[in-house]
Amino acid sequence: MGILLKGGRVVSSDGVVEMDVRIEGEKIIEVGKNLHLGNDNIVDVEGKLLFPGFIDGHTHFDLHVAGTVTADDFYTGTRAALAGGTTTIVDFATQYPGETLTEGLENWHKKADGKCSCDYGFHMSVTEWNPEISRELERMMDEGVTSFKLYMTYDTQVDDKTIYEILKRLKEIGGIAGVHCENSGVIAALQEEAVAAGKMGVFSHPLTRPAEAEAEAVQRLLRLAQIANAPVLVVHLTCEEGLKEILTARERGQQVFAETCPQYLLMNKELYELPGFEGAKYVIAPPLRRKEDADVLWNAVKEGQIQIISTDHCSFTTKQKELGQEDFRKIPGGMPGVETRGILLYSEGVKKGRITESEMCRLLSENPAKLFGMYPKKGVIAEGSDADIVVIDPEASGVIRADEQLQNVDYAPFEGLNVQGKIAQVYLRGEKVMENGKVLKELTGQYVVRGKYSL
């Protein structure tokens, strides 16, 4: 006995079509009009939109950073993800100093295995480089870790020579790197100037991490990728200057993918000027930019110049943020987002005419599945695919409130925002795991062995 989702409107990158969806076990076995009822359990979804389960390719759960640990671990983070329609996350395993990639991956499996309520995979953050690590990359690919993270800032950063060598090696084995692009030297110099001037408040955060420092790093990365003849992903793009560098590289014939996040589309740097220490809630890196940058990014999303929208979920409580109350450099950088990404994109994107349902499907489901080697197992409602389905009620509405969220933080960045539409149900591999904001079944997430990118 299976499940028949009856009367809904199935969303794909090609359009929105009224179709029924039949599920047996963990798989979709049939999609079509007026499917025979049989002995299936009938679920009436008339008037509802059926999206493929959302994929978040950028989360940081149970991460030790900035002298503390993120508020959300894999248990709380993946429950919140389900509530937001995300059925698969790809978190960042990290190779800490002195570790092999294998040790880094084992550490993240220990953090996540048996604790996830949605499916999950890992990128591998490479922070040290030598011939043995180069050989290890192939083992990572065999383990289903086919994408890698490089930092151009922080104490995990790698230099230009290393970036080039890693990109060249990934090109050989079919992997791809996502890169955090900021010029660390400029940031350090600007921070020293701010400290010398006694400007230790939150407002110094965006001033010491300007858009130009991001754009310069994007340009440098893309020239290195050009020399290595390798594809690359620019993560959490925030600004017009960075986008211009990406478009220029594409004009040269390079394969460059781009990711942005809801906060860069819907917030701006004026939040850092809130009274008291309130602005610390929005301290992230790269920082929020001008409203004009957000407008440019929305247009880039609409034009298909940005391929995916992830969250960069890296949550801290207000008390944790207070670690930097006397020194903006010590404010843990990051915000929660896995619970609100889907409804924000639907309400602020689709309902306001910025994107279509099909474009939302590409950004949150299909493109991430392809870029991170999970398509067509995930990312599409089609025969043979995993039955990961998000049911959205387009006529419902709601308000984002911290006291109603599952994210393990005491504030909501979008507190009080009225949203149009509601994530009514979520199916994970054929099982209804969320309904009306309540997680019905938890700890059923499985590790996803990912293939090579195909976007």
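Refer to the structure presented above.
Reading the values: the criteria
- Residues numbered from 1 in each chain as written.
- Predicted model: local features only at pLDDT ≥ 70, side-chain atom pairs only at ≥ 80, totals over all residues.
- Heavy atoms only, no water.
- Helix = DSSP H or I, 4+ residues; strand = E, 2+ residues; numbered from the N terminus.
- Rg over C-alpha atoms; globule rule 2.2 N^0.38 Å.
- Buried < 20%, exposed > 50% of the residue type's maximum accessible area, 1.4 Å probe, protein only.
- Areas by Shrake-Rupley, 256 points an atom, 1.4 Å probe, with all protein chains shown as cover.
- Lys, Arg positive; Asp, Glu negative; His and termini not counted.
- Charge placed at Lys NZ, Arg CZ, Asp CG, Glu CD.
- Contact = heavy atoms within 4.5 Å.
- Polar contact = N/O pair within 3.5 Å; in protein donor to acceptor, adjacent residues only side chain to side chain.
- Pairing = 2+ DSSP bridges.
- Patch = residues over 30% accessible without salt bridge, like charges linked within 9 Å, V, L, I, M, F, W, Y side chains within 5 Å.
- Salt bridge = Lys/Arg side-chain N within 4 Å of Asp/Glu carboxyl O.
- Expected span 1.5 Å × (residues − 1).
- Bend = angle between axes of the 7 residues up to and from the residue.
- Axes fitted to C-alpha atoms, helices over the stretch in contact; angles between N-to-C directions.

Take the overall build of the chain next. On a plain count of helices and strands, the chain comes out with 13 helices and 21 strands. At 21 Å, the chain has a C-alpha radius of gyration in line with the 23 Å of a compact globule built from 455 residues. In terms of its C-alpha atoms, the chain occupies a principal-axis envelope of roughly 75 × 50 × 40 Å. In the chain, which comprises 455 residues, the proportion classed as buried is 60%. Surface accessibility of the chain: about 17400 Å² in total, with carbon and sulfur atoms responsible for 47%. Measuring between centres, the 50 positive side-chain charges of the chain sit 2 Å from its 69 negative side-chain charges.

In this structure, Trp108 sits in helix α2 (residues 101–112). Given a relative accessible area of 1%, Trp108 falls into the buried group. Linking Trp108 and Arg9, residues 99 residues apart in sequence, is a C-alpha distance of 38 Å. Those residues within four positions of Trp108 in sequence are excluded, and the remaining contacts are Phe61, Leu63, Phe74, Asp91, Phe92, Ala93, Thr94, Tyr96 and Phe122. There is a polar contact of 3.2 Å between the side chain of Trp108 and the backbone oxygen of Phe92.

All right, on to the pairing of strand β3 (residues 15–18) then. Both faces of the sheet carry side chains from a regular strand, because those side chains alternate between them. Pairing of strand β2 (residues 9–12) with β3 involves 4 bridges; the strand directions are antiparallel. Paired with Ser12 across the bridge in β3 is Gly15. Hairpin connection, β2 to β3: the antiparallel pair is bridged by 2 residues.

Our focus in this paragraph is a negative patch on the surface. Together, Glu103, Glu106, Asp142 and Glu143 give the surface a local cluster of negative charge. Mapped onto the secondary structure, Glu106 falls in helix α2. On the basis of relative accessibility, which here comes to 42%, the residue Glu106 falls in the partly exposed class.

Here we take up the pattern of salt bridges. Counted according to the given criterion, the structure contains 32 salt bridges. Where Asp62 meets Lys111, a salt bridge forms, and the shortest distance between an N and an O atom there is 3.9 Å. Of this pair, Asp62 sits in the loop between β8 (54–59) and β9 (64–65) while Lys111 sits in helix α2; the two residues are 49 residues apart in sequence, bridging distant segments of the chain. As far as burial versus exposure is concerned, Asp62 and Lys111 are alike and both buried. Residues joined by salt bridges that share partners form a network here, namely Glu26, Lys27, Asp119, Lys377, Lys378, Asp386, Asp388 and Arg429.

What follows covers helix α13 (residues 357–371). With 15 residues, α13 should cover 21 Å at 1.5 Å per step; its first-to-last C-alpha distance of 20 Å lies within 8% of that length. At Leu363, α13 shows its maximal kink, close to 45 degrees. With respect to burial, α13 is a largely interior element, 14 of its 15 residues being buried. Directly after α13, the chain includes Gly373, whose backbone phi takes a positive value near 70 degrees.

We now examine the sheet that holds strand β7 (residues 49–52). Strands sit in the order β3-β2-β7-β18-β19-β20-β21 across an open sheet of 7 strands; the sheet is mixed. At either margin of the open sheet sits one strand with a lone partner, and together these are β3 and β21 (438–439). Strand direction decides the pairing type here: strand β18 (residues 389–399) and strand β19 (residues 418–428), joined by 8 bridges, are antiparallel. Pairing of Ile389 across the sheet is with Tyr427, part of β19. Across the face of the sheet, helix α1 (residues 74–83) comes into contact with β19, β20 (431–435) and β21 while running at roughly 90 degrees to β20.

One key point about sheets: their strands pair by backbone hydrogen bonds, in either a parallel or an antiparallel sense. If you walk across this open sheet you meet the 8 strands as β8-β11-β12-β13-β14-β15-β16-β17, and the pairing is parallel. With one partner strand each, in any of the chains shown, β8 and β17 (308–309) form the two edges of the open sheet. Relative to strand β11 (residues 86–94), β8 runs parallel, the two being bridged by 4 bridges. Paired with Phe54 across the strands is Thr86, a residue of β11.

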